[in-house]
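These are the residues of each chain, in order.
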Amino acid sequence: MTAMTNSSESEAVVQRRNGDGVKPVTDSDALASALPPAPRIGLALSSGGARGFAHVGVIKALREAGFSIVNVAGSSMGSIVAAGYAVRGDVAELERWVLDFRARDYSRRFLPIIDPLRLVAFLDEILEGATFADCAVPLRIIATDLRARAAATLDEGSVALAAFASSAMPFVHRPVPWQGRLLADGSLSCVLPTAQASAADVDLIIGSLVSRKLPALNRFTEGVAHTAGGAIRGWGRPYFDFFRDRAPQLPWSTALDTSTRPTLVLNPRLGRIGPLDFARMREAITAGEEAVTSRLGEIRALLAAERGDG
């Protein structure tokens, strides 16, 4: 009996009462409760095609630095990475499936374009059919409502379908029906969703911006809509109507965040990595990590000022 008592004492277990009875608490539990809470980050991930793999490195470095990501929002490619992290909150698992991804396995034959049915099936498999309500980290996905010509924030229903809607390319993929709306690529209305990454419990909003400005592509798309658009029928027609009546330049500025929380935008140095360079994900991930580590001092200073520690 004495040996058992000493063993119990050596584990420094105390008893704490709660509403359901008695719960054992160890020294490590007491120490953890005494530590200040991890800084809470709202994370916004931009569009950018394969350049968006840098977002994985951003998440990885933030978590390794001890920050807690309590809200995540993504547009286009950013929505896919955001979904992959939010469902289970496991960045190691996210990195594994990104590195295992082979774009050619999901592309249309003879074209470097992702097949929508294959992509949705892939996303549904890795996300295990999750809905927004299943997510370990609150998630918002930004798509474009073609009829309203405005950003649409998705936060309920199938995560895989929402991520695909956010990355549906104009005139390449069919618009995605969603609760009476026709949705397409989020970058048509919101490149970096910092406003949607905000939440009541966020200390700092961090954006990861990897998109390139593509004025030549903008002019080409709008030219097609204005010259040949009248002949477009079927599922391509909503795209024609959108580009015909929209503002003359694809949006670049982020949606306005009406909160007073500080915001920091990271720009991973991706060099010549292009939107279709899906084989260069390791380089992109590393660039994302470096974007965080090179500005850790600035991030911590902003957090200290927000918390009144400076």
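Below, the structure is looked at part by part.

Criteria and cut-off values
Residues numbered from 1 in each chain as written. Predicted model: local features only at pLDDT ≥ 70, side-chain atom pairs only at ≥ 80, totals over all residues. Heavy atoms only, no water. Helix = DSSP H or I, 4+ residues; strand = E, 2+ residues; numbered from the N terminus. Buried < 20%, exposed > 50% of the residue type's maximum accessible area, 1.4 Å probe, protein only. Polar contact = N/O pair within 3.5 Å; in protein donor to acceptor, adjacent residues only side chain to side chain. Contact = heavy atoms within 4.5 Å. Salt bridge = Lys/Arg side-chain N within 4 Å of Asp/Glu carboxyl O. Phe/Tyr/Trp six-rings, centres within 6.5 Å; stacked < 30°, edge-to-face > 60°.

### Quick look at the side chain of Ser 166
Of note, Ser 166 is situated in helix H7 (residues 159-166). Classification of Ser 166 as buried rests on a relative accessible area of 0%. Here Ile 142 takes part through its backbone oxygen, which lies 2.6 Å from a polar atom of the side chain of Ser 166. Discounting chain neighbours no more than four positions away, the residues touching Ser 166 are Gly 74, Ser 75, Ser 76, Ser 79, Ile 141, Ile 142, Ala 143, Ala 184, Asp 185 and Gly 186.

### Let's talk about the environment of Thr 263
Counting through the fold element by element, Thr 263 comes out in strand S10 (residues 263-266). In this structure Thr 263 comes out as partly exposed when scored by relative accessible area, which is 38%. Between the C-alpha atom of Thr 263 and that of Leu 204, which follows or precedes it by 59 residues, the distance is 6.0 Å.

### Details of the pattern of salt bridges
Inspection of the entire model under this criterion finds 7 salt bridges. Among the ionic pairs, Glu 93 bridges to Arg 88, the shortest N-O distance being 2.5 Å. A salt bridge links Glu 283 to Arg 280, with the shortest nitrogen-to-oxygen separation between them at 2.9 Å. By relative accessible area, which is 43% here, Glu 283 ends up partly exposed.

### With respect to the packing of aromatic side chains
By the definition in use, this model includes 5 aromatic pairs. Arranged with centres 6.1 Å apart and planes meeting at 75°, the rings of Phe 53 and Phe 278 form a pair that is edge-to-face. Here Phe 53, found in the loop between strand S3 (40-45) and helix H3 (54-64), pairs with Phe 278, found in the loop between S10 and helix H11 (281-293); they are 225 residues apart in sequence, far enough to count as distant. A relative accessible area of 2% places Phe 53 in the buried class. Three or more aromatic residues joined by ring pairs make a cluster, and in this case those are Phe 53, Trp 97, Phe 101, Phe 122 and Phe 278.

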